[in-house]
Amino acid sequence: MLLQGDNEISNSNKPKVKSLYKALKLLEYFDAEHKEVGVTELAEYSGMLKSSVHNILQTFEQCGYVMQNCETQKYMLGGAVVSLFSRYKESRNLDYRITEYLQQLRDIYKNNVYLAEKEGDEAVYICCEQAFYFQKDYLSKAGAHVPLHCTSVGKVLLGYSTVKEKEEFYKKNIKPYTENTIIDVGKLKKEMQDIIYRGYATGFEEYLYGRFCVAIPIITGEDAVKYSIGMSCLEPISDYMLKEYLRSLRDVGKKIAGILVLSLIHI
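Conventions we followed
Residues numbered from 1 in each chain as written. Predicted model: local features only at pLDDT ≥ 70, side-chain atom pairs only at ≥ 80, totals over all residues. Heavy atoms only, no water. Helix = DSSP H or I, 4+ residues; strand = E, 2+ residues; numbered from the N terminus. Contact = heavy atoms within 4.5 Å. Areas by Shrake-Rupley, 256 points an atom, 1.4 Å probe, with all protein chains shown as cover. Salt bridge = Lys/Arg side-chain N within 4 Å of Asp/Glu carboxyl O. pLDDT = per-residue confidence, 0-100. Buried < 20%, exposed > 50% of the residue type's maximum accessible area, 1.4 Å probe, protein only. Pairing = 2+ DSSP bridges. Axes fitted to C-alpha atoms, helices over the stretch in contact; angles between N-to-C directions. Arc of directions from axis to C-beta. Core = buried A, V, L, I, M, F, W, Y, C linked by side-chain atoms within 4.5 Å.

Further remarks concern the overall build of the protein chain. Tallying secondary structure elements over the protein chain gives nine helices and eight strands in all. Sequence-distant contacts in the protein chain: of pairs separated by 6 or more residues, those separated by 24 or more amount to 54%. Working note: accessible area of the protein chain is about 14800 Å², and carbon and sulfur atoms make up 53% of it.

Next comes the structure, spelled out in structure tokens:
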């Protein structure tokens, strides 16, 4: 798996400092399946020279973003990553109430609940509360990145994006993750129209098999929707449960929107 090439990035989104872009993308390789990674593995993943990867990792180590296991000589994420993410949340005034609201939904329905933010062509979980059955799921953690076009939190953010942003997205290489992923541009446009009409998005094994999800936008009064809140289940969602999930998500979504609006006023 190589890093995203220039041919997949629109002219307006091309990184200004390509070397920095490639270096930071290395950090995305670390997850529950790759807790410790060697220079050779990262070089194969990135397509970069081993010497370049080694120099980058040494620099990251000096900054605290990675640390090296003296016994295996492999690298793992360092404490500075956690600290950086904590400051990220603090800068947006994502206070304890948001976490409590997500925990309430998690405890009622025994499902994962997420608050996501749009970041380029992905949605990023900025808050996540895991149900017991999801504990080993590395994608169900704060900081995880998921695609816009095949996850419920992502599809809401894509659907409520500006016309220009959506048209730019449709021009890109839309990646299929399962046989249910919508990659036809015409069908994807129709899906986005339906999301706007309904006010919510669903995902039925479009990103991962065995995953069923629903999400709504967080309306803060800005020109474009930046946040969404969603719920992920391990079994298909019945019509009855869909109504229950939406009722609860909308109730919590309004409360979170109020918190986010206040945070925007004070920024």
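Still more to cover.
Before going further, it helps to spend a moment on the pattern of salt bridges. Using the criterion set out here, one finds nine salt bridges in the structure. A salt bridge links Lys-171 to Glu-168; its shortest N-O distance comes to 3.7 Å. One salt bridge in this structure joins Asp-194 and Lys-190, with 3.0 Å as the shortest N-O distance. In this pair, Asp-194 and Lys-190 both sit in helix α8 (residues 185-198), four residues apart, roughly one turn of the helix. Among the charged side chains, a salt-bridge network with shared partners connects Arg-106, Asp-107 and Glu-129.

Turning to the confidence of the model for the protein chain, a few remarks are in order. A residue-level look at the protein chain finds 82% of positions with pLDDT of 70 or above and a mean pLDDT of 84. In this model residues 1-12 is a low-confidence stretch, pLDDT under 50, and it forms 22 contacts with partners more than four residues away in sequence or in other chains.

With a phi close to 65 degrees, Gln-73 is a non-glycine residue in the positive phi region. Tracing the sequence through the fold places Gln-73 in the loop between β1 (66-68) and β2 (75-77). Here Gln-73 falls in the partly exposed class, since its relative accessible area comes to 45%. Backbone geometry at Glu-205 places phi at a positive 55 degrees, although glycine is not the residue there. Structurally, Glu-205 can be placed in the loop between β6 (201-204) and β7 (212-218). For Glu-205, a relative accessible area of 22% translates into the label partly exposed.

Neighbouring strands of a sheet are bound in pairs by backbone hydrogen bonds; such pairs are parallel or else antiparallel. The strand order across the open sheet formed by six strands is β5-β4-β3-β8-β7-β6, and the pairing between neighbours is antiparallel. Looking at the sheet topology across the chains shown, the edges are occupied by β5 (145-147) and β6. Taking each pair of neighbouring strands and ignoring which way they run, the sheet shows an average axis angle of 30 degrees.

Bringing helix α2 (residues 39-46) into the picture now. Considered for burial, the residues of α2 that qualify are Val-39, Leu-42, Ala-43, Tyr-45 and Ser-46. The arc enclosing the buried residues of α2, seen along the axis, measures out at 160 degrees, which places them on a common side. The secondary structure elements touched by the buried residues of α2 are α1 (18-25), α3 (50-63) and β2. Directly after α2, the chain includes Gly-47, whose backbone phi takes a positive value near 80 degrees.

Counting residues in each nonpolar core, the largest one holds 28 residues, and the members touching the most others are Leu-105, Leu-115, Val-214, Ile-229, Met-231 and Ile-256. Per element, the largest residue contribution to this core is nine residues, and it comes from helix α9 (residues 239-266). Grouped together as the second largest cluster of nonpolar side chains are 25 residues, Tyr-125, Leu-158, Ile-174 and Ala-201 included.

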